[in-house]
Amino acid sequence: MSKVVPGNLHVANDVLADMVGNAAMECYGVVGMTAPSAADGIAKILPASRLRRGVVVTTTEAGIHVDLYVVIEYGTNINTVSQNLIDRVSFVLTQYAQVPLDGVEVHVQGIKIRK
C-alpha cells in the first residue's frame, strides 16, 4: 500500500545531466559525448565517468532546457541520430524524472568511426 507524502521534490540539474548523458549513450549512432567547447578545435570524447560534462542543463520559466554535445558515428544519418537523441532524452526527462521540458538541442561536435 503506497503512502502519499506531502511536499515538493526538486531534482538537481547534475542528476538530470547524468540521466541525459546515460540516455544519450544508449542511442544508436552516438559514439560519445564531448565538452561544450573544444579549445583546440578537436572534439575529445569524454570517458563514461564524465558524461555530465557533455550535457548542459539550464532551468527556464517553461522548464528544463538541455544542450547535448555529441560525436556521431561515421556513416549514420546525422538528422536521424539527432532526432532519436531528442526523443530519447525527452522521454527520460518527462517520464522518469517527471520534469517539464523546455527543449533539447543536439550539437554535433564531430564524426568518428566506431572501433
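Summarised in this report is the structure supplied together with it. (Residues numbered from 1 in each chain as written. Predicted model: local features only at pLDDT ≥ 70, side-chain atom pairs only at ≥ 80, totals over all residues. Heavy atoms only, no water.)

### Brief notes about the overall build of the protein
Rules: Segments assigned H or I by DSSP are reported as helices when at least four residues long, segments assigned E as strands when at least two residues long, and all are numbered from the N terminus. Each residue's exposure class comes from its accessible area (1.4 Å probe, protein chains only) as a fraction of the maximum for that residue type: buried when under 20%, exposed when over 50%, partly exposed otherwise. To be clear on the numbers: accessible area is Shrake-Rupley with a 1.4 Å probe, and residue cover counts the displayed protein chains and nothing else. Only four residue types enter the charge count: Lys and Arg as positive, Asp and Glu as negative, with His and the chain ends excluded. In this description, the location of a charge corresponds to atom NZ of lysine, CZ of arginine, CG of aspartate or CD of glutamate.
Scanning the protein from terminus to terminus reveals two helices and four strands. Mapped in sequence order, the helices and strands of the protein form the string α-β-β-β-α-β. With respect to the principal axes defined by its C-alpha atoms, the protein has extents near 50 × 25 × 25 Å. In the protein, buried positions account for 38% of the 115 residues. Carbon and sulfur atoms make up 53% of the accessible area of the protein, which totals about 7300 Å². Here the protein carries 9 positive and 10 negative side-chain charges, and the mean point of each set is 11 Å from the other.

### Brief notes about the packing of aromatic side chains
How we decide: Put simply, two rings from Phe, Tyr or Trp (the six-membered ring, in Trp's case) pair if the centres are within 6.5 Å, and we call them stacked under 30 degrees between planes, edge-to-face over 60, tilted for the rest.
One pass over the full model with this rule turns up one aromatic pair. Note on Phe91 and Tyr96: the rings are 5.6 Å apart at their centroids and 75 degrees apart in plane angle, and the pair reads as edge-to-face. What makes Phe91 partly exposed here is its relative accessible area of 39%. Accessibility expressed as a relative area gives 53% for Tyr96, which makes it exposed.

### Comments concerning helix H1 (residues 13-25)
Basically, it comes down to this: A helix is expected to span 1.5 Å multiplied by its residue count minus one. Note that the arc is computed from the directions linking the helix axis to the C-beta atoms. Contacts are assigned to residue pairs with any non-hydrogen atoms lying within 4.5 Å of each other.
Taking 1.5 Å of rise per residue, 13 residues should cover 18 Å, and H1 covers 18 Å from first to last C-alpha, within 8% of that figure. Three or more residues of H1 are buried, namely Leu16, Ala17, Val20, Gly21, Ala23 and Ala24. Around the axis of H1, the buried residues are gathered within 165 degrees of arc, so they sit on the same side. The inward-facing, buried residues of H1 contact strand E1 (30-33), strand E2 (55-59), strand E3 (64-73) and helix H2 (78-96).

### Re the nonpolar core
The following threshold applies: The set of buried Ala, Val, Leu, Ile, Met, Phe, Trp, Tyr and Cys residues whose side-chain atoms join them within 4.5 Å is what this entry labels a nonpolar core.
Within the largest apolar cluster, 24 residues are counted, with the highest numbers of intra-cluster contacts made by Met33, Val55, Val66, Leu68, Val70 and Leu85. For this core, the elements supplying multiple residues, two or more each, are H1, E1, E2, E3, H2 and strand E4 (101-112). In terms of residue count, the dominant contributor to this core is E3 (five residues).

### A few points about the pattern of salt bridges
Rules: For this analysis, a salt bridge means a side-chain nitrogen from Lys or Arg found within 4 Å of a carboxyl oxygen belonging to Asp or Glu.
Tallied over the full model, the rule gives three salt bridges. Between Arg52 and Asp14 there is a salt bridge, with the nearest N and O atoms lying 3.5 Å from each other. Within this pair, whereas Arg52 is found in the loop between E1 and E2, its partner Asp14 is found in helix H1, the two being separated by 38 residues in sequence. Its salt-bridge partner being Asp18, residue Arg52 comes within 2.6 Å of it at the nearest N-O pair. Remark: Asp18 occurs in helix H1 and Arg52 occurs in the loop between E1 and E2; sequence separation between them is 34 residues. Taken together, the salt bridges that share partners define one network made up of Asp14, Asp18 and Arg52.

### Looking at H2
Put simply, the rule is: Polar contact criterion, stated in full: a pair of N or O atoms within 3.5 Å, where within protein one must be able to donate a hydrogen and the other to accept it, and residues adjacent in sequence count only if both atoms are side-chain atoms.
In this model, H2 (19 residues) spans 26 Å end to end at C-alpha, consistent with the 27 Å of a helix rising 1.5 Å per residue. Considered for burial, the residues of H2 that qualify are Val81, Ser82, Leu85, Val89, Ser90, Val92 and Leu93. Taken down its axis, H2 places every buried residue within 165 degrees of arc, on the same side. In this structure, the buried side of H2 is in contact with H1, E1, E3 and E4. By the N-cap criterion, in which a side-chain oxygen at the helix start approaches the backbone nitrogen of a residue two or three places on, H2 is capped by Asn77, the distance to Asn79 being 2.9 Å. In the segment just after H2, Gln98 is the residue with positive phi, at about 55 degrees.

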